[in-house]
Amino acid sequence: MFQLEVLSGPLDGKTWTFDREISIGRDDAMVEACIPLDRYVSRRHAHLRAEGDALTLTDLESRNGTKLDGEAVTGDAKLGVGVPFTVGRTVLRVTRA
């Protein structure tokens with residue numbers, strides 16, 4: 001079980017739990033982790049997938065991109081537990097629940 005947490009942005013402190021995967025975006029009809037107050041987040045912005053202890057972060061061709069370590073995510077990127085990443089102007093991280 002994992003927890004997706006907002007570190008900074010309009011929903012600072014908000015969390016979502018997930019087992020295998022979770023989608024991030026601005027449209028709550030399309031994603032599980034909805035960040036409606038960040039206008040730089042696309043309707044379907046990014047996707048996280050867990051396989052055992054490994055996490056994969058994928059940008060879903062968002063308008064403003066997803067960043068990991070200051071670099072744009074293209075395709076699938078390996079994400080470490082506790083490592084911050086950015087969607088729009090919101091900083092998130094995944095921890096163990």
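Quantities reported herein were computed from a predicted structural model and do not represent experimental measurements.

Student: Give me the sheet that holds strand β10 (residues 85-87): which residues, what numbers.
Tutor: Strand pairing in a sheet relies on backbone hydrogen bonds. The paired strands run either parallel or antiparallel. Reading across the sheet, the six strands line up as β2-β1-β11-β10-β7-β8 and stay open at both edges, with antiparallel pairing between neighbours. On the outer flanks of this sheet lie β2 (15-18) and β8 (71-72), each paired with one strand and no other. As paired elements, strand β7 (residues 66-68) and β10 share three bridges and run antiparallel to each other. Residue pairing across strands places T66 opposite V87, the latter belonging to β10.

Student: Account for the environment of G70, with residues named and values stated.
Tutor: In this fold, G70 is placed in the loop between β7 and β8. By relative accessible area, G70 is classed as exposed at 60%. Spatially, the C-alpha atoms of G70 and P10 are 20 Å apart, while their sequence positions differ by 60 residues.

Student: Describe the pairing of strand β3 (residues 21-25), and please don't skip the residues or the numbers.
Tutor: Of all five residues in β3, four are buried; the element is thus mostly enclosed. Across two bridges, β3 lies against strand β4 (residues 33-34) in parallel orientation. Bridging across to β4, G25 finds its partner in C34.

Student: An account of the side chain of H45 is requested, with residue identities and associated values reported.
Tutor: Positionally, H45 belongs in the loop between β4 and β5 (46-51). Take H45: its relative accessible area is 0%, and that puts it in the buried class. A polar contact of 3.0 Å, which involves the side chain of H45, links it to the backbone nitrogen of S42.

Student: Talk me through the nonpolar core; I want residue IDs and the actual numbers.
Tutor: Within the largest apolar cluster, 23 residues are counted, with the highest numbers of intra-cluster contacts made by L4, I24, L48, F85, L92 and V94. The set of elements that each furnish at least two residues to this core consists of β1 (2-8), β2, β3, β5, β6 (54-59), β9 (76-79), β10 and β11 (90-96).

Student: Talk me through the environment of L7; I want residue IDs and the actual numbers.
Tutor: Counting through the fold element by element, L7 comes out in strand β1. For the pair L7 and R96, spaced 89 residues apart in sequence, the C-alpha separation works out to 15 Å. Those residues in contact with L7 that sit more than four places away from it in its chain are D12, P84, V91, L92 and R93.

What counts and what doesn't
- Every chain begins its residue count from 1, and numbering advances along the sequence as written.
- Under the rules for a predicted model, residues below a pLDDT of 70 receive no local features and side-chain atom pairs below 80 are neither given nor counted, while totals for whole chains, interfaces and linings still include all residues.
- Values shown for side chains rest on all heavy atoms present in the structure; no hydrogens or waters enter the calculation.
- At least two DSSP bridges between two strands are required for those strands to pair.
- Comment: elements are numbered from the N terminus, with helices defined as DSSP H or I runs of at least four residues and strands as E runs of at least two.
- Each residue is placed in one exposure class: buried if its accessible area under a 1.4 Å probe, protein chains only, is under 20% of its type's maximum, exposed if it is over 50%, and partly exposed if it falls in between.
- N or O atoms closer than or at 3.5 Å make up a polar contact, with two conditions inside protein: a donor-capable atom paired with an acceptor-capable one, and, for residues adjacent in sequence, both atoms drawn from side chains.
- Buried Ala, Val, Leu, Ile, Met, Phe, Trp, Tyr and Cys residues that are joined via side-chain atoms within 4.5 Å together make up what is termed a nonpolar core.
- The contact rule is simple, with two residues in contact once any of their heavy atoms fall within 4.5 Å.

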